[in-house]
There are 2 protein chains.
Amino acid sequence: MELITSTLDENDHRLLRRAIDLATENVTAGGGGPFGCVVARDGVILAEGKNRVVEDNDPTAHAEIVAIRTACSRLGHFQLEGAVIYSSTLPCPMCLSAILWARPAAIVYGASAEDAAAVGFDDAAFYAELSRDPSERKLPVLQALHAEALEPLRAWAKSPTRVEY
Amino acid sequence: MELITSTLDENDHRLLRRAIDLATENVTAGGGGPFGCVVARDGVILAEGKNRVVEDNDPTAHAEIVAIRTACSRLGHFQLEGAVIYSSTLPCPMCLSAILWARPAAIVYGASAEDAAAVGFDDAAFYAELSRDPSERKLPVLQALHAEALEPLRAWAKSPTRVEY
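Calculation rules
Residues numbered from 1 in each chain as written. Chains lettered and ligands numbered in written order. Predicted model: local features only at pLDDT ≥ 70, side-chain atom pairs only at ≥ 80, totals over all residues. Contact = placed C-beta atoms within 7 Å. Helix = DSSP H or I, 4+ residues; strand = E, 2+ residues; numbered from the N terminus. Nonpolar A, V, L, I, M, F, W, Y, C, P; charged D, E, K, R; others polar. Pairing = 2+ DSSP bridges. Core = buried A, V, L, I, M, F, W, Y, C linked by C-beta atoms within 7 Å. Buried ≥ 20, exposed ≤ 12 C-beta atoms within 10 Å, placed from the backbone. Axes fitted to C-alpha atoms, helices over the stretch in contact; angles between N-to-C directions. Parallel < 35°, antiparallel > 145°, perpendicular 65-115°, else oblique. Left-handed = near helix turned anticlockwise from the far one by under 90°.

A few words on the interface of chain B and chain A. On the side of chain A, 80 residues touch chain B, which itself brings 80 residues to the contact. For the side of chain B that touches chain A, the leading source of residues is helix α8 (residues 146–158) of chain B, giving ten residues. Here the side of chain B that touches chain A is composed, by residue class, of 47 nonpolar, 23 polar and ten charged. Sheet topology note: the strand β4 (residues 106–111) of chain A/strand β5 (residues 141–143) of chain B ladder contains three bridges and is parallel. Residue pairing in the sheet places Tyr 109 of chain A in a bridge with Gln 143 of chain B of β5 of chain B.

The structure is reproduced here in structure tokens:
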């Protein structure tokens, strides 16, 4: 890990520490999930997020999703080119994929999926679920109406007003 | 696939067809992403979603995320026990993971990740990215401050007010 961590500087540590502080605040302020996130570009914070799953009745309201949505809203764009995502814990597969869609430059994180699993979270279990062949996943995933389902994709390919993302 | 598809009935087809219609409407109504989703329980629609990434400047606003957030908001709960997610195209890894967190009973979909890739979407590429070892992913993922990052997780484990999810 020395080669990798040596690319981070004090500014990265400051921003990651802010994400960790947000995570701790979220627990101590009322029992929210112990996760925080900072989105920054050129060392300047664009947005912060805390886990709001229980508070908002929203299973997608992980710290990273909250921070990405806020940053994109402020920028008025659906991508975060050149930004760095600082997460107190390694983003779960939902958040990692959201980050891929947002197309930032890098992710910096503190605790691992195994650390989160040790206090009861399913991040590691869901990484394992996604690594399985779809036919071997625990959640049933069934396909139907394939020919009909191609129609909207074809309409998109022909649409003169589409904006690719 | 015969064994799997034979477990679906006409009601499932009706709900999946609604998701496909939402996808087509989203394209024809203004160039939005060609994806729709319906969340239903016992055959009754709890919420619908269309892709709103470009419209809302929100890279997380995939049809499934929109539908899950709406369904959970209406139910006043952060899980969708017993529900079925009907998606016009196989959910991308972000949406599949969001669905895992929401804990419904099953997913039913029409088009494949490869079908989406054929018209320019990165669903299949992102499934491949997640299947790689973290050290081999294209997006740099760097770890730091591990000991500090364990603090919020420990605070959570000791919190008497935590709500597990």
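This part is about the nonpolar core. Ranked by size, the top nonpolar core spans 102 residues in total, and within it Val 39 and Tyr 86 of chain A together with Val 39 and Tyr 86 of chain B carry the most contacts. The residues contacting Val 39 of chain A, other than those within four sequence positions of it, are Leu 46, Ala 47, Ala 67, Ile 68, Ala 71, Leu 80, Ala 83 and Ile 85 of chain A.

Where helix α5 (residues 93–102) of chain A meets helix α5 (residues 93–102) of chain B, the axes come as close as 8 Å, and the angle between the chain directions of the two elements is 155 degrees. Between α5 of chain A and α5 of chain B, the crossing angle belongs to the class labelled roughly antiparallel. Every pair of crossing elements has a handedness; the one defined by α5 of chain A and α5 of chain B is left-handed. Of α5 of chain B, the residues touching α5 of chain A (which contributes Pro 93, Met 94, Ser 97, Ala 98 and Trp 101 of chain A) are Pro 93, Met 94, Ser 97, Ala 98 and Trp 101 of chain B. Taken together, the residues that form the contact of α5 of chain A with α5 of chain B break down as eight nonpolar, two polar and no charged.

What follows is about the sheet that holds strand β1 (residues 36–41) of chain A. Through backbone hydrogen bonds, the strands of a sheet pair up, either in parallel or in antiparallel fashion. Strand order in the open sheet formed by five strands is β2(A)-β1(A)-β3(A)-β4(A)-β5(B), with mixed pairing between adjacent strands. In this open sheet, the two edge strands, each paired with only one partner strand, are β2 (44–50) of chain A together with β5 of chain B. Ignoring which end each strand starts from, the neighbouring axes of this sheet average 20 degrees apart. In the sheet, β1 of chain A pairs with β2 of chain A via six bridges, with the strands oriented antiparallel. By the bridge assignment for β2 of chain A, Val 38 of chain A is matched with Glu 48 of chain A. Here helix α4 (residues 63–75) of chain A sits on the sheet and contacts β1, β2 and β3 (84–89) of chain A; the angle it forms with β2 of chain A, its principal contact strand, is near 140 degrees.

What is shown is where atoms sit, not what they do.
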